[in-house]
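Coordinate inspection notes
Each chain is listed here by its residues.
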Amino acid sequence: MSDPVILATGQTYDRPSIQRWLDAGHRTCPKTKQELQDVKLIPNYALRSLICQWAQANGVDLRKPSDLNTHLHASVHKSDKEALSQLRGVVDTLLRTLSSSSLQIRRDAMKGVRVLAKESKDTRTCIAERGAIAHILPQLSCGDPQMEENGVVALLNLSVDDENKVGLVAEGAVDAIVHALKNGSSDTRASAAVTITSLAMVDVNKATIGSRSDAIPALIKLLAEGSPRGKKEATTALYSLCIYVDNRSKAVSGGLVSLLLSILSCEGGDIAERVLALLDLLATSAEGRTAVGRESAMPLLVGLLRSGSPRAKENTAAVLYSICSASKKIAMLAYNAGAFEHSIDLLHRGTIRAKRKASALLKLFEELKSNV
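First, a word on scope: everything that follows refers to the structure included in this document. From a predicted model like this one, the values you see are computed outputs, not experimental measurements.

**Overview of the sheet that holds strand β2 (residues 12-14)**
- Within the open sheet, the 3 strands sit side by side as β2-β1-β3. Their pairing is antiparallel. Unpaired on one side and paired on the other, β2 and β3 (42-43) mark the two borders of the sheet.
- Sheet topology note: the strand β1 (residues 4-6)/β3 ladder contains 2 bridges and is antiparallel. The partner of Ile6 across the bridge, within β3, is Ile42.
- Helix α1 (residues 15-23) rests against β1, β2 and β3 of the sheet, and its axis sits at about 95° to β2.

**Concerning helix α5 (residues 103-117)**
- Its 15 residues place the ends of α5 21 Å apart at the C-alpha level, agreeing with the 21 Å of an ideal helix rising 1.5 Å per residue.
- Arg107, Ala109, Met110, Val113, Leu116 and Ala117 are the residues of α5 that are buried.

**Looking at helix α6 (residues 121-129)**
- With 7 of 9 residues buried, α6 is to be regarded as a mostly interior element.
- All of the buried residues in α6 are Thr123, Arg124, Thr125, Cys126, Ile127, Ala128 and Glu129.
- Immediately downstream of α6, the backbone of Gly131 shows phi near 80°, a positive value.

**A closer look at the nonpolar core**
- Counting residues in hydrophobic clusters, the biggest one holds 94 residues, and the most contacted among them are Ile136, Leu256, Leu279 and Leu282.
- The dominant element in this core, judged by the number of residues it contributes, is helix α17 (residues 269-282), at 8 residues.
- If sequence neighbours within four positions are ignored, Leu279 has contacts with Val257, Leu260, Leu261, Leu264, Val292, Leu301 and Val319.
- Tyr13, Ile18, Leu36 and Leu41 belong to the second-largest nonpolar core, a separate cluster that totals 8 residues.

**Here we look at the environment of Lys165**
- Note that Lys165 resides in helix α9 (residues 162-170).
- Residue Lys165 is classed as buried on the basis of its relative accessible area of 2%.
- Expressed as a C-alpha distance, the spacing of Lys165 and Asn205, which sit 40 residues apart in the sequence, is 8.1 Å.
- Excluding residues that lie within four positions of it along the chain, Lys165 makes contacts with Ser159, Val160, Ser198, Leu199, Met201, Val202 and Asn205.
- A distance of 3.3 Å separates the side chain of Lys165 from the backbone oxygen of Val160, its partner in a polar contact.

**A closer look at the side chain of Glu148**
- Relative to the helices and strands, Glu148 resides in helix α8 (residues 145-158).
- Despite its burial, Glu148 pairs with no opposite charge, the nearest such side chain being Arg189 at 10 Å.
- Within polar-contact distance, the side chain of Glu148 engages the backbone nitrogen of Cys142 at 3.5 Å.
- Among the polar contacts made by the side chain of Glu148, one reaches the main-chain amide nitrogen of Gly143 at a distance of 2.8 Å.

Definitions and cut-offs
Residues numbered from 1 in each chain as written. Predicted model: local features only at pLDDT ≥ 70, side-chain atom pairs only at ≥ 80, totals over all residues. Heavy atoms only, no water. Pairing = 2+ DSSP bridges. Helix = DSSP H or I, 4+ residues; strand = E, 2+ residues; numbered from the N terminus. Contact = heavy atoms within 4.5 Å. Axes fitted to C-alpha atoms, helices over the stretch in contact; angles between N-to-C directions. Expected span 1.5 Å × (residues − 1). Buried < 20%, exposed > 50% of the residue type's maximum accessible area, 1.4 Å probe, protein only. Core = buried A, V, L, I, M, F, W, Y, C linked by side-chain atoms within 4.5 Å. Polar contact = N/O pair within 3.5 Å; in protein donor to acceptor, adjacent residues only side chain to side chain. Lys, Arg positive; Asp, Glu negative; His and termini not counted. Salt bridge = Lys/Arg side-chain N within 4 Å of Asp/Glu carboxyl O.

This is how it looks when you write it as structure tokens:
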């Protein structure tokens, strides 16, 4: 293997081999058998770097892979090549400095990588290509708050590009990020949650992150005890992960529904709207509906349907429809608590989606009354 690339499933293959597979018309991953929605091949810079190091040490002449660098820089002007060479030099220096015996020097170097990773796609490509991820990951558990925060944000900045989203997960970034999520400072934990949200924008990563036994529980804990920013970012990260169906049952079994209802009983504004959006998503699963019903949350939900913000009313109506359509007992509880009257009001004054959900609720209540 001389030109390793990552498929959308997270598996690594040699470029010529997997390209022949795709050119033959196959649209599944050879190893996992998953159907491929995207056949883009992403360079595995970390593995390529190891291969090149081995080849150089053993005197092996590798055929130069047709990688991003070759295509990107084959016809550029000399000045551009010099700029790229200088950028590589800066990145290599920063990465070497991360091993310095001086804490302050290491802090400066880590901050330098963080800032550089925010500049442009070209700098992020260069940073990843130089093997930076393997140098950054240990910093997330080094015990120094500044190093850990800058390390997490450096990964967040790198994850802006889709190819890096897959590459970061393939190189083991999730474990390091979850460690920071559990053990870092308040800012580091919030930044780790944002990074998970960014990585979870790629579908295969939702499953990979959710498969870590402590990832979803760590986000639930941050939502329960974190700073206002931490709670906000934890809610967003949990929503992103729970778009993947299998993660919803994990979140529910981790006590998320009970926590969300507790937050709704004492919080309003933006956080309430985010929490209701997440509760709406969880209520699409059987486990979520059971948990909401078991929590005897009807007075709270009907109260939000009556006096919440437009967005809150919309999501509350969606939650109520999910749980009421699954249980006549719960539907009757909602009806008796005043959901019928408030649905009529929402039908005339709500958002487009709220009106649609209110209409469905009213139809359900009418059917319920006719059968009583």
